[in-house]
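# Breakdown of the fold
Each chain, written out:
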Amino acid sequence: MAQINPSILSADFARLAEEARAVEGADWLHVDVMDNHFVPNLTLGVPVVEALARATETPIDCHLMIEEPDRWAPRYVEAGAGSVTFHVEAAAAPVRLAREIRAKGARASMALKPATPIEPYEDLLPELDMLLIMTVEPGFGGQAFLDIMLPKIRRTRELISKHGLELWLQVDGGVSAETIERCADAGADVFVAGSAVYGTDDPAAAVRMLRHQADEATASAGWACAH
Ligand SMILES: O=C(CO)[C@@H](O)[C@H](O)COP(=O)(O)O
Ligand SMILES: [Fe+2]
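For clarity, every value in this text was computed on a predicted model and none was experimentally measured.

### Concerning the UniProt feature "binding site: a divalent metal cation" (unreviewed entry) in the protein chain
- Mapped onto this numbering, the UniProt entry annotates "binding site: a divalent metal cation" (unreviewed entry) at His30, Asp32, His63 and Asp172. Over a stretch of 143 residues, the named residues converge on one spot in the fold, their C-alpha atoms separated by at most 10.6 Å.
- Relative accessible area serves as the criterion here: at 0%, histidine 30 is assigned to the buried category.
- If near-sequence neighbours (up to four positions away) are discounted, histidine 30 is found in contact with Asn5, Pro6, Ser7, Ile8, Asp61, His63, Gln170, Asp172 and Val192.
- By the secondary structure assignment, aspartate 172 is in strand β7 (residues 168-172).

### Section: the site of ligand 1
- Around ligand 1 there are 21 residues in total, and Asp32, Gly139, Asp172, Gly194 and Ser195 lie nearest to it.
- Residue glycine 142 places a main-chain N or O atom 2.9 Å away from an oxygen atom belonging to ligand 1.
- One of the side-chain N or O atoms of serine 195 is found 2.5 Å from an oxygen atom in ligand 1.
- Look at ligand 1: alone it shows 380 Å² of surface, and the protein chains cover 100% of it.
- If you list the elements that add at least two residues to the shell around ligand 1, you get β2 (29-34), β3 (60-65) and β8 (190-193).
- If one sorts the elements of the shell around ligand 1 by residue count, β2 sits on top with three residues.
- When the residues that make up the shell around ligand 1 are grouped by side-chain class, the tally is eight nonpolar, 11 polar and two charged.

### Details of the pairing of β3
- Here β3 lies mainly inside the structure; six of its six residues are buried.
- With six bridges joining them, β2 and β3 adopt parallel strand pairing. From the neighbouring strand, aspartate 32 faces β3, where its bridge partner is histidine 63.
- This β-α-β element, β2 to helix α2 (residues 46-55) to β3, shows right-handed connectivity.
- Sheet topology note: the β3/strand β4 (residues 83-87) ladder contains four bridges and is parallel. By the bridge assignment for β4, aspartate 61 is matched with serine 83.
- In this fold, β3 hands off to helix α3 (residues 69-78), which returns the chain to β4; that crossover is right-handed.

Cut-offs used in this document
In this numbering scheme, every chain counts its residues from 1 along its sequence in written order. Chains and ligands are labelled sequentially in the order written, the chains with letters from A and the ligands with numbers from 1. The predicted nature of this model means local features are confined to residues of pLDDT at least 70 and side-chain atom pairs, given and counted, to a pLDDT of 80 or more, with totals for whole chains, interfaces and linings taken over all residues. Think of the side-chain values as coming from all heavy atoms in the structure, minus any hydrogens and water. UniProt positions are given in the numbering used here, feature names are shortened, and annotations may be inferred rather than shown by experiment. Partly exposed residues are those whose accessible area sits between 20% and 50% of the maximum for their type, while under 20% is buried and over 50% is exposed, using a 1.4 Å probe and protein chains only. Residues count as neighbours in contact if any of their non-hydrogen atoms are within 4.5 Å of one another. Working definition: helices are DSSP H or I runs of at least four residues, strands are E runs of at least two. Numbering for both runs from the N terminus. Nearness is judged by heavy atoms alone; a residue qualifies as near a molecule or strand once a single heavy atom is within 4 Å of it. Contacts described as polar in this section are N or O atom pairs within 3.5 Å, which, within protein, must combine one atom able to donate a hydrogen with one able to accept it, while residues neighboring in sequence count only if both atoms come from side chains. Methods summary: accessible areas were calculated by the Shrake-Rupley approach with a probe of 1.4 Å, and residue burial reflects only the protein chains presented. All residues other than Ala, Val, Leu, Ile, Met, Phe, Trp, Tyr, Cys, Pro, Asp, Glu, Lys and Arg, Gly among them, are scored as polar; the first ten of these are nonpolar and the last four charged. When DSSP finds two or more bridges between a pair of strands, those strands are recorded as paired. The definition of a right-handed crossover adopted here requires that, viewed with the strands pointing away, the path from the first strand over the helix to the second runs clockwise.

See the structure below:
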(Lines give C-alpha, C1' and ligand atoms only; values in the text may rest on other atoms or scores of the structure.)
(Ligands and ions follow the chains in the order given, each with its own letter.)
Protein backbone atom coordinates (compact mmCIF):
# COMPACT_ATOMS: atom_id res chain seq x y z
CA MET A 1 0.00 0.00 0.00
CA ALA A 2 1.18 3.52 -0.78
CA GLN A 3 2.37 5.60 2.17
CA ILE A 4 1.34 9.23 2.58
CA ASN A 5 3.57 11.49 4.67
CA PRO A 6 2.04 14.93 5.33
CA SER A 7 4.67 17.68 5.50
CA ILE A 8 4.38 19.78 8.65
CA LEU A 9 6.05 22.64 6.73
CA SER A 10 2.62 23.56 5.33
CA ALA A 11 0.95 23.43 8.76
CA ASP A 12 0.41 26.29 11.20
CA PHE A 13 3.70 26.48 13.14
CA ALA A 14 1.90 28.19 16.05
CA ARG A 15 -0.16 25.00 16.58
CA LEU A 16 2.30 22.25 15.71
CA ALA A 17 1.07 19.55 18.13
CA GLU A 18 -2.55 20.02 17.07
CA GLU A 19 -1.56 20.00 13.39
CA ALA A 20 0.47 16.80 13.87
CA ARG A 21 -2.55 15.12 15.49
CA ALA A 22 -4.82 16.28 12.65
CA VAL A 23 -3.14 13.74 10.35
CA GLU A 24 -3.08 10.72 12.65
CA GLY A 25 -3.82 7.85 10.25
CA ALA A 26 -1.05 9.06 7.95
CA ASP A 27 1.92 6.70 7.69
CA TRP A 28 4.62 9.15 8.78
CA LEU A 29 4.78 12.82 9.69
CA HIS A 30 7.30 14.51 7.37
CA VAL A 31 9.38 17.12 9.18
CA ASP A 32 11.52 19.44 7.04
CA VAL A 33 14.66 20.66 8.80
CA MET A 34 16.28 23.61 6.98
CA ASP A 35 19.36 25.49 8.13
CA ASN A 36 19.45 28.56 5.84
CA HIS A 37 22.73 27.27 4.32
CA PHE A 38 21.94 24.12 2.36
CA VAL A 39 18.64 25.81 1.38
CA PRO A 40 17.58 29.47 1.61
CA ASN A 41 15.07 28.88 4.40
CA LEU A 42 15.15 28.21 8.14
CA THR A 43 12.61 25.99 9.89
CA LEU A 44 13.21 23.97 13.05
CA GLY A 45 15.74 21.75 14.78
CA VAL A 46 16.31 19.00 17.34
CA PRO A 47 14.18 20.41 20.23
CA VAL A 48 11.11 20.80 18.02
CA VAL A 49 11.51 17.27 16.60
CA GLU A 50 11.74 15.98 20.18
CA ALA A 51 8.53 17.81 21.08
CA LEU A 52 6.72 16.55 17.96
CA ALA A 53 7.78 12.96 18.66
CA ARG A 54 6.20 13.29 22.12
CA ALA A 55 3.06 14.97 20.75
CA THR A 56 2.00 12.40 18.15
CA GLU A 57 1.74 8.63 17.73
CA THR A 58 2.64 9.03 14.04
CA PRO A 59 6.30 8.15 13.42
CA ILE A 60 8.53 11.04 12.36
CA ASP A 61 10.13 11.13 8.90
CA CYS A 62 12.84 13.76 9.23
CA HIS A 63 14.06 15.39 5.99
CA LEU A 64 17.33 17.17 6.71
CA MET A 65 18.07 20.00 4.29
CA ILE A 66 21.20 21.02 6.16
CA GLU A 67 24.96 21.23 5.82
CA GLU A 68 27.02 18.73 7.83
CA PRO A 69 24.39 15.96 8.04
CA ASP A 70 27.21 13.59 9.13
CA ARG A 71 27.37 15.57 12.35
CA TRP A 72 23.66 16.24 12.89
CA ALA A 73 21.65 13.28 11.54
CA PRO A 74 22.39 11.00 14.56
CA ARG A 75 20.99 13.73 16.84
CA TYR A 76 17.64 13.50 15.05
CA VAL A 77 17.50 9.75 15.69
CA GLU A 78 18.11 10.48 19.38
CA ALA A 79 15.35 13.12 19.19
CA GLY A 80 12.88 10.38 18.25
CA ALA A 81 12.77 10.34 14.44
CA GLY A 82 11.99 6.88 13.05
CA SER A 83 13.42 7.75 9.64
CA VAL A 84 16.18 10.24 8.87
CA THR A 85 16.90 11.51 5.36
CA PHE A 86 20.15 13.31 4.54
CA HIS A 87 21.05 14.94 1.22
CA VAL A 88 23.84 13.20 -0.67
CA GLU A 89 25.00 16.61 -1.94
CA ALA A 90 25.81 17.62 1.65
CA ALA A 91 27.08 14.34 3.13
CA ALA A 92 30.83 13.81 3.52
CA ALA A 93 30.53 10.02 3.95
CA PRO A 94 27.05 8.81 2.94
CA VAL A 95 27.72 5.09 3.53
CA ARG A 96 29.16 5.65 6.98
CA LEU A 97 26.27 7.99 7.82
CA ALA A 98 23.58 5.55 6.62
CA ARG A 99 25.18 2.82 8.72
CA GLU A 100 25.27 5.07 11.76
CA ILE A 101 21.59 6.02 11.39
CA ARG A 102 20.65 2.34 11.13
CA ALA A 103 22.88 1.37 14.05
CA LYS A 104 21.12 3.98 16.19
CA GLY A 105 17.79 2.34 15.35
CA ALA A 106 16.19 4.49 12.62
CA ARG A 107 15.56 3.96 8.94
CA ALA A 108 18.34 5.48 6.82
CA SER A 109 17.34 7.51 3.81
CA MET A 110 19.21 9.57 1.21
CA ALA A 111 17.80 12.45 -0.85
CA LEU A 112 18.69 13.69 -4.33
CA LYS A 113 18.06 17.27 -5.48
CA PRO A 114 16.51 17.58 -8.97
CA ALA A 115 19.88 17.99 -10.74
CA THR A 116 21.54 15.05 -8.93
CA PRO A 117 21.45 11.80 -10.95
CA ILE A 118 20.79 8.41 -9.37
CA GLU A 119 23.27 6.41 -11.45
CA PRO A 120 26.48 7.25 -9.48
CA TYR A 121 24.76 5.97 -6.32
CA GLU A 122 23.53 2.59 -7.59
CA ASP A 123 26.04 0.70 -5.41
CA LEU A 124 24.90 2.58 -2.27
CA LEU A 125 21.26 1.50 -2.54
CA PRO A 126 21.63 -1.63 -0.33
CA GLU A 127 22.84 0.65 2.49
CA LEU A 128 19.53 2.53 2.48
CA ASP A 129 15.97 1.95 3.66
CA MET A 130 14.56 4.74 1.50
CA LEU A 131 15.64 6.97 -1.37
CA LEU A 132 14.04 10.43 -1.72
CA ILE A 133 13.77 11.98 -5.16
CA MET A 134 13.00 15.69 -4.85
CA THR A 135 10.35 16.80 -7.33
CA VAL A 136 10.95 20.51 -6.58
CA GLU A 137 14.09 22.42 -5.63
CA PRO A 138 14.27 21.95 -1.85
CA GLY A 139 13.56 24.92 0.39
CA PHE A 140 9.87 25.75 0.25
CA GLY A 141 6.44 24.16 0.26
CA GLY A 142 3.78 24.97 -2.32
CA GLN A 143 6.00 24.81 -5.45
CA ALA A 144 4.97 23.30 -8.77
CA PHE A 145 5.79 19.61 -9.35
CA LEU A 146 8.70 19.04 -11.77
CA ASP A 147 7.47 16.59 -14.39
CA ILE A 148 11.03 16.24 -15.70
CA MET A 149 11.78 14.12 -12.59
CA LEU A 150 9.49 11.30 -13.74
CA PRO A 151 12.17 9.50 -15.81
CA LYS A 152 14.52 9.56 -12.79
CA ILE A 153 11.80 8.00 -10.61
CA ARG A 154 11.26 5.31 -13.25
CA ARG A 155 15.00 4.56 -13.61
CA THR A 156 15.33 4.33 -9.83
CA ARG A 157 12.40 1.89 -9.59
CA GLU A 158 14.13 -0.22 -12.27
CA LEU A 159 17.39 -0.25 -10.26
CA ILE A 160 15.50 -1.26 -7.10
CA SER A 161 13.86 -4.15 -8.98
CA LYS A 162 17.11 -5.17 -10.69
CA HIS A 163 18.85 -5.53 -7.31
CA GLY A 164 15.81 -7.09 -5.61
CA LEU A 165 15.85 -4.44 -2.87
CA GLU A 166 13.08 -3.59 -0.40
CA LEU A 167 14.07 0.07 -0.56
CA TRP A 168 11.19 2.56 -0.35
CA LEU A 169 11.08 5.24 -3.05
CA GLN A 170 9.84 8.61 -1.78
CA VAL A 171 8.87 11.69 -3.77
CA ASP A 172 8.66 15.15 -2.23
CA GLY A 173 7.50 18.45 -3.70
CA GLY A 174 4.33 19.42 -5.51
CA VAL A 175 2.65 16.06 -4.85
CA SER A 176 -1.12 16.52 -5.06
CA ALA A 177 -4.32 14.98 -6.42
CA GLU A 178 -3.18 16.21 -9.86
CA THR A 179 0.33 14.74 -9.77
CA ILE A 180 0.35 11.72 -7.42
CA GLU A 181 -0.83 9.24 -10.06
CA ARG A 182 2.07 10.13 -12.36
CA CYS A 183 4.52 9.58 -9.48
CA ALA A 184 2.96 6.23 -8.54
CA ASP A 185 2.89 5.11 -12.16
CA ALA A 186 6.62 5.92 -12.44
CA GLY A 187 7.40 3.80 -9.38
CA ALA A 188 7.21 5.93 -6.22
CA ASP A 189 5.62 4.30 -3.17
CA VAL A 190 6.05 6.96 -0.43
CA PHE A 191 4.49 10.36 -1.07
CA VAL A 192 5.19 13.56 0.85
CA ALA A 193 2.38 16.09 0.58
CA GLY A 194 2.36 19.48 2.31
CA SER A 195 -0.06 21.95 0.79
CA ALA A 196 -2.21 19.15 -0.70
CA VAL A 197 -2.90 17.97 2.88
CA TYR A 198 -2.67 21.01 5.15
CA GLY A 199 -4.14 23.37 2.56
CA THR A 200 -7.48 21.57 2.79
CA ASP A 201 -10.29 21.77 5.38
CA ASP A 202 -9.93 18.08 6.26
CA PRO A 203 -6.25 16.98 6.27
CA ALA A 204 -7.05 13.40 7.36
CA ALA A 205 -9.51 12.98 4.47
CA ALA A 206 -6.92 14.39 2.04
CA VAL A 207 -4.45 11.73 3.21
CA ARG A 208 -6.98 8.95 2.59
CA MET A 209 -7.85 10.32 -0.85
CA LEU A 210 -4.20 10.63 -1.94
CA ARG A 211 -3.47 7.09 -0.71
CA HIS A 212 -6.42 5.73 -2.68
CA GLN A 213 -5.30 7.51 -5.86
CA ALA A 214 -1.73 6.26 -5.47
CA ASP A 215 -2.86 2.68 -4.82
CA GLU A 216 -5.04 2.67 -7.93
CA ALA A 217 -2.22 4.03 -10.10
CA THR A 218 0.29 1.51 -8.67
CA ALA A 219 -2.11 -1.36 -9.33
CA SER A 220 -2.57 -0.35 -12.97
CA ALA A 221 1.18 0.19 -13.44
CA GLY A 222 1.66 -3.43 -12.40
CA TRP A 223 4.61 -3.19 -9.99
CA ALA A 224 4.15 -4.03 -6.29
CA CYS A 225 5.41 -1.88 -3.45
CA ALA A 226 7.50 -3.54 -0.74
CA HIS A 227 5.09 -2.54 2.07
O1 LIG B 1 11.12 19.30 1.48
C2 LIG B 1 10.21 20.01 1.08
C3 LIG B 1 10.50 21.33 0.45
O4 LIG B 1 11.87 21.52 0.41
C5 LIG B 1 8.85 19.48 1.13
O6 LIG B 1 8.69 18.49 2.10
C7 LIG B 1 7.69 20.45 1.10
O8 LIG B 1 7.27 20.80 2.38
C9 LIG B 1 6.53 19.82 0.38
O10 LIG B 1 5.48 20.73 0.29
P11 LIG B 1 4.45 20.68 -0.95
O12 LIG B 1 5.27 20.86 -2.19
O13 LIG B 1 3.81 19.32 -0.89
O14 LIG B 1 3.51 21.79 -0.66
FE1 LIG C 1 10.65 17.49 2.58
